[in-house]
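The residues making up each chain are set out below.
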Amino acid sequence: MRIYLDNCCYNRPYDDQSQMRINLDTQAKLYIQLMIKDKKIELVTSYVLDFENSKNRVIQKKLAISTFMEENESYYVGEERQDEIRTMVRQIMDTGVKEKDAAHVACAIYAKSDYFITTDDRLLKYTSDQVKILTPGEFIREIEVKANE
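Now for a look at the structure at hand. (Residues numbered from 1 in each chain as written. Predicted model: local features only at pLDDT ≥ 70, side-chain atom pairs only at ≥ 80, totals over all residues. Heavy atoms only, no water.)

**Re the packing of aromatic side chains**
Condition: Aromatic pairing here means that ring centres of Phe, Tyr or Trp (its six-membered ring) are within 6.5 Å. Orientation follows from the plane angle: under 30 degrees is stacked, over 60 is edge-to-face, and everything else is tilted. To qualify as a helix, a DSSP run of H or I must reach at least 4 residues; to qualify as a strand, a run of E must reach at least 2; elements of each kind are numbered from the N terminus. Using a 1.4 Å probe on the protein chains alone, a residue whose accessible area is under 20% of its type maximum counts as buried, one over 50% counts as exposed, and one in between counts as partly exposed. Cation placement over rings: the criterion is NZ of Lys or CZ of Arg within 6 Å of the ring centroid and within 35° of the ring normal.
Under the defined criterion, the tally for this structure stands at 3 aromatic pairs. For the ring pair Y115 and F139, a centre distance of 5.0 Å and an interplane angle of 75 degrees mean the geometry is edge-to-face. Separated by 24 residues along the polypeptide, Y115 in strand 4 (residues 115-117) and F139 in helix 8 (residues 136-147) bring together distant segments of the chain. F139 matches Y115 in its accessibility class, with the two residues each being buried. In this structure, K29 packs its charged tip against the face of F68, placed 5.8 Å from the ring centre.

**Some points on the pattern of salt bridges**
Under the convention used in this document: Within this document, salt bridges are pairs made up of a side-chain nitrogen of Lys or Arg and a carboxyl oxygen of Asp or Glu, the two lying within 4 Å of each other.
Counted under the stated rule, the structure contains 9 salt bridges. One network of salt bridges, with partners in common, ties together R12, D15, R21, D25 and D121.

**Regarding unusual backbone geometry**
Although it is not a glycine, K39 sits at a positive phi angle of roughly 65 degrees. Tracing the chain through its elements places K39 in the loop between helix 2 (20-37) and strand 2 (42-46). Despite not being glycine, K112 shows a phi value in the positive range, around 60 degrees. Looking at the element boundaries, K112 is found in the loop between helix 6 (99-110) and strand 4.

**Let's talk about the nonpolar core**
Put simply, the rule reads: By convention a nonpolar core is built from buried Ala, Val, Leu, Ile, Met, Phe, Trp, Tyr and Cys residues, the set being connected through side-chain atoms within 4.5 Å. In this description, contact between two residues means that some pair of their heavy atoms is separated by no more than 4.5 Å.
Core analysis: the biggest nonpolar cluster contains 43 residues, and I3, L5, I32 and F139 have the highest contact counts within it. Here this core gets 7 residues from one element, more than from any other, and that element is helix 6. Ignoring anything within four residues of it in the chain, the contact list for I32 reads I3, L5, I41, I117, P136, F139 and I140.

**Regarding the sheet that holds strand 5 (residues 132-134)**
Sheet strands line up and pair through hydrogen bonds in the backbone, either parallel or antiparallel. Applied cut-off: Here, any two strands with at least 2 DSSP bridges between them count as paired. Here the axes come from fitting lines to C-alpha atoms, over the contacting stretch only for helices, and the angles between their N-to-C directions go from 0 to 180 degrees.
An order of 3-2-1-4-5 is seen for the 5 strands of this open sheet, with the pairing classed as parallel. Either end of the sheet is taken by a strand with one partner, and the two such strands are strand 3 (73-77) and strand 5. Geometrically, the sheet is characterised by an average inter-axis angle of 30 degrees between neighbouring strands, direction not taken into account. The sheet contact formed by strand 2 and strand 3 spans 4 bridges and is parallel. Across the sheet, residue S46 finds its bridge partner in strand 3, namely V77. Along the sheet, helix 4 (residues 59-72) contacts strand 2 and strand 3; its crossing angle with strand 3, the most-contacted strand, is approximately 105 degrees.

Below, the structure is given as structure tokens:
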């Protein structure tokens, strides 16, 4: 199983944990990270994630996120794929998704990810027949149900 974590997922543990939803997203995201480290699921990363993370103003967060991605990625969508990605980005944007978010989804689709995991409420409204878009918690629930079938 192959997943793509949106940039907001990588940053979720650094958000205000006093809010229940944020705390639950964080716990689910950290569990997903363990599954990735244990090679139970494959992680897809991309030049879009690298670019977005490079804008992170907090050096420790930026380094922790880039290190995790580099050490655990199974598949990387590089800049040399921009032309192919750009076509998909335009199609996704035609549905109202913002360019940056569309680029993430396009990279996930290009890499044949099974799941695109995000905490972005607007992006969660987008549907695709090529990749399933879920929150970290929804993803954990879904794979646990499948494991028990």
